Amino acid sequence: MYDFDLLPGDTVFAIEVALALFAIAFVSFTAISIYTLIKTTLYQKKHEDKINLMCDVAYFHERGKRGNQEDSVYISPLDQLVQHGLVAACSDGMGGLLNGEVVSKYVTDTLKERYPFDFNDQMEINKMITGISDKVYEDYHLSAGATLVMVHIMDDLLNFYNLGDSNIILIRNNRATLLNNKQNYAAIMIKKFSEGGIDTVDAYKDSRARGLTDFVGNHKCNVQMTKRPMKLRDNDIIIVGSDGVTDSMPLNRIVSHIHPDQNATSIARMIKYGVKSSKNPRQDNYSAIIIKLRRSIV
Amino acid sequence: MIEYYTFKHRGDALDFTDEVFLRLVPNLTVALFFGSNLKVAPKSQALLFSEILNSEEGSKSIEYLSSVFDECLDEESEYLILRVLKNGVECYRRGGVFAKIVKDGQIHVLPNGVFGLSKGDCIVCATSNFYKYLTDEGILADALVSGSCNDWMNMLIRRISDQCQLKCGNLSAVTLKLND
């Protein structure tokens, strides 16, 4: 215990100044803390629906048993991910037709030239793809063609575009789903059979079932696209690839080959070796882009 | 404006034991009866369900209508009633029949009660047998891609067909879209 009367006047003054400064510092600290807390809560409330997801991307591009590579892939620059989103596309030259590799390369080269695209203007992107298809039609008059699957990811939203029978696969909660509908004759036959009230076994046996009803190079093609974006989640895996992958590795086998904690490179490696190990004697070209979504740390 | 499309397929079952009913007055009311799991007289239960819906009772509130169904039908009956209101829908379901809504790029099961709708929202009402061959992500992707309810249903049927070639018992579903 101190008796302040016994202390010299200067010391008492110094103690009073120190106490005043401490009080000011304490009040300031409390005010700043409350202000920060309020600001953080308001920001979190405002942005709770909009989670930034980071895209981890990898790809493989293999020839299989074919003499030439008719698949072509495009991945937009990752340094523009935040500003313009990620675009990943795979084009597969149509087998049985000439110049498949030229057309598929033309498709991805044009996408590269035209990037960036406006994420919210799906009609404009549709018009661009239709333009590519019309140009191929003018040059080849149905003697050459390719498929195209393309995804556009912005923040936690996904738009996709499809022409033909390549694949956009979403793996969520350890379950794979083909997002796009394949544009082939099987779809038309299934519709007819189901409307007639019969089963669709014969639709799959028909030799024309896998024939494409739409593709890049078709006159006035009908691009299948999302009219509104799909919401993505943390840990979603998206595979954009040619049918050479799924011909040898059905969706359930892809899921059994990968682990949700793997990064995109490991997943790409597992799928690539999965296709290779299936030892398909007529293995088509197989290419895929793997996108793993992770919640970003700001 | 609400657009809708209904689908009924016998599959490999001997008969239709599910039923899909629509009533347009006073509001569009969709009703699905799932009789495949009923051991006793599923056809007569479906008929009774239909008669109640088409009678004067059918125009009364969902709460009242569901109480009539609960009173008259077998206690193991499974059904769904969905009525379109001015700014949304009212839903009541029992058992393995449910509706899923696609809203803001996501899919959810529609709970019992009143639910607000906005333009572009899509709803699919179906029996559990229909959903068995589908994933939520597949239903969602098809809803976002399709231009009409008919398109959406065809895409869903394609997915089911890819799994089982439609040899899978009764398939009953209704797709609805609130157009822009």
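In every chain, residue numbers begin from 1 and rise along the written sequence. Chain labels run from A onward and ligand labels from 1 onward, assigned in the order the entries are written. The predicted nature of this model means local features are confined to residues of pLDDT at least 70 and side-chain atom pairs, given and counted, to a pLDDT of 80 or more, with totals for whole chains, interfaces and linings taken over all residues.

Caption draft 1: Local environment of the overall build of chain A. Note on conventions: DSSP H or I runs of at least 4 residues are helices, E runs of at least 2 residues are strands, and numbering of each starts at the N terminus. In terms of helices and strands, chain A carries nine helices and 11 strands. The C-alpha atoms of chain A give a radius of gyration of 29 Å, which is well past the 19 Å a tight globule of 298 residues would have. Principal-axis analysis of the C-alpha atoms places the extent of chain A at approximately 110 × 45 × 40 Å. For chain A, buried positions account for 40% of its 298 residues. The contact rule is simple: place each C-beta atom from the backbone, and if two of them lie within 7 Å, those residues are in contact. Taking the contacts inside chain A whose residues are at least 6 apart along the sequence as the reference set, 75% of them involve residues at least 24 apart. In this treatment the radius of gyration is a C-alpha quantity, and the globule benchmark scales as 2.2 Å times the residue count to the 0.38 power. Once C-beta atoms are placed from the backbone, each residue is buried if 20 or more other C-beta atoms lie within 10 Å of its own, exposed if 12 or fewer, and partly exposed for counts between those two.

Caption draft 2: Structural detail: the domain arrangement of chain A. The assigned domain composition of chain A is domain 1 (4-47) and domain 2 (53-295). Per the annotation, domain bounds derive from an automatic or database assignment of domains. Summarising the inter-unit geometry, the C-alpha centres of domain 1 of chain A and domain 2 of chain A are found 61 Å apart.

Caption draft 3: Expanded view of the confidence of the model for chain B. Residues and elements named next belong to chain B. In predicted models, pLDDT denotes the confidence assigned by the predictor to each residue on a 0 to 100 scale. Here chain B averages 91 in pLDDT, and 99% of its residues register 70 or above. For chain B, the element scoring lowest by mean pLDDT is helix α1 (residues 42-54), at 86; helix α4 (residues 136-145) scores highest, at 97. Reported for the predicted complex are a pTM of 0.87 and an ipTM of 0.91.

Caption draft 4: Local environment of the pairing of strand β7 (residues 175-178) of chain A. Residue and element names in this part refer to chain A. Bridging between strand β6 (residues 167-172) and β7 involves four bridges; their strand directions are antiparallel. Note that in β7 the partner of R172 across the bridge is R175. Where β6 hands over to β7, the hairpin turn is made up of two residues, of which N173 adopts a positive phi near 50 degrees. When DSSP locates at least two bridges between a pair of strands, those strands are taken to pair.

Caption draft 5: Local environment of the interface of chain B and chain A. Contact residues are listed per partner, giving 22 residues for chain B and 24 residues for chain A. At the level of elements, α4 and α5 (149-164) of chain B are the ones that each hand at least two residues to the side of chain B that touches chain A. Broken down by element, the residue count for the side of chain B that touches chain A peaks at six residues, all from α4 of chain B. All amino acids are sorted into three groups, where Ala, Val, Leu, Ile, Met, Phe, Trp, Tyr, Cys and Pro are nonpolar, Asp, Glu, Lys and Arg are charged, and the leftover types, Gly among them, are polar. Its residues placed into classes, the side of chain B that touches chain A shows seven nonpolar, nine polar and six charged.

Caption draft 6: The sheet that holds strand β9 (residues 122-127) of chain B, seen in detail. Residue and element names in this part refer to chain B. As summarised here, the arrangement of the five strands in space is β1-β10-β9-β6-β7, forming an open sheet in which the pairing is antiparallel. The open sheet has two free edges, formed respectively by β1 (2-9) and β7 (106-109), since each of these has just one partner strand. Going across the sheet, the axis of each strand differs from the next one's by a mean of 15 degrees, ignoring polarity. Here strand β6 (residues 97-103) runs beside β9; their pairing, made up of six bridges, is antiparallel. Looking across to β9, one finds that A99 is bridged to C125. All axes are obtained by fitting lines to C-alpha atoms, using only the stretch in contact for helices, and the reported angles, taken between N-to-C directions, cover 0 to 180 degrees.

Caption draft 7: Quick look at the packing of α1 of chain B against helix α2 (residues 62-72) of chain B. All names here are of chain B. Look at α1 against α2: their axes get within 11 Å of each other, and the N-to-C directions meet at 150 degrees. Between α1 and α2, the crossing angle belongs to the class labelled roughly antiparallel. Of the two possible hands of crossing, α1 and α2 adopt the one that is right-handed. Taking contact as the criterion, the partners of L48, F49 and I52 in α1 are, on α2, V68, F69 and C72. Classifying every residue of the contact of α1 with α2 gives six nonpolar, no polar and no charged. Throughout this description, any angle smaller than 35 degrees is read as roughly parallel, any larger than 145 degrees as roughly antiparallel, any in the 65 to 115 degree range as roughly perpendicular, and the remainder as oblique. When the near helix sits turned anticlockwise from the far one by under a right angle, the crossing is termed left-handed; a clockwise turn instead gives a right-handed crossing.

Caption draft 8: Region of interest: the sheet that holds strand β1 (residues 53-62) of chain A. Residues and elements named next belong to chain A. Taking strand neighbours across the sheet as the criterion, the five strands line up as β1-β11-β10-β6-β7 in an open arrangement whose pairing is antiparallel. Two strands in the sheet have a free side with no partner beyond their single neighbour: β1 and β7. Neighbour-to-neighbour, the strand axes of this sheet turn through a mean angle of 20 degrees, independent of strand direction. Note: β1 against strand β11 (residues 286-295), 10 bridges, orientation antiparallel. Looking across to β11, one finds that D56 is bridged to K292. Each of β1, β10 (237-241) and β11 is contacted by helix α9 (residues 264-277), which is oriented at about 30 degrees to β1, the strand it contacts most.

Caption draft 9: View of the pairing of strand β4 (residues 78-84) of chain B. Residues and elements named next belong to chain B. Of all seven residues in β4, six are buried; the element is thus mostly enclosed. Relative to β4, strand β3 (residues 29-34) is paired through six bridges, and the arrangement is antiparallel. When the sheet's bridge partners are listed, L32 is paired in β4 with L80. With six bridges joining them, β4 and strand β5 (residues 88-94) adopt antiparallel strand pairing. By the bridge assignment, L82 is partnered in β5 with C91. Hairpin connection from β4 to β5: three residues lie between these consecutive antiparallel strands.

Caption draft 10: Just the environment of A173 of chain B, in detail. Residue and element names in this part refer to chain B. Residue placement: A173 occurs in strand β10 (residues 171-178). Through-space distance from the C-alpha of A173 to that of A126 is 4.2 Å; in sequence the pair is 47 residues apart. Ignoring sequence-local partners within four residues, the contact set of A173 consists of F7, V124, C125, A126, F130 and M153.

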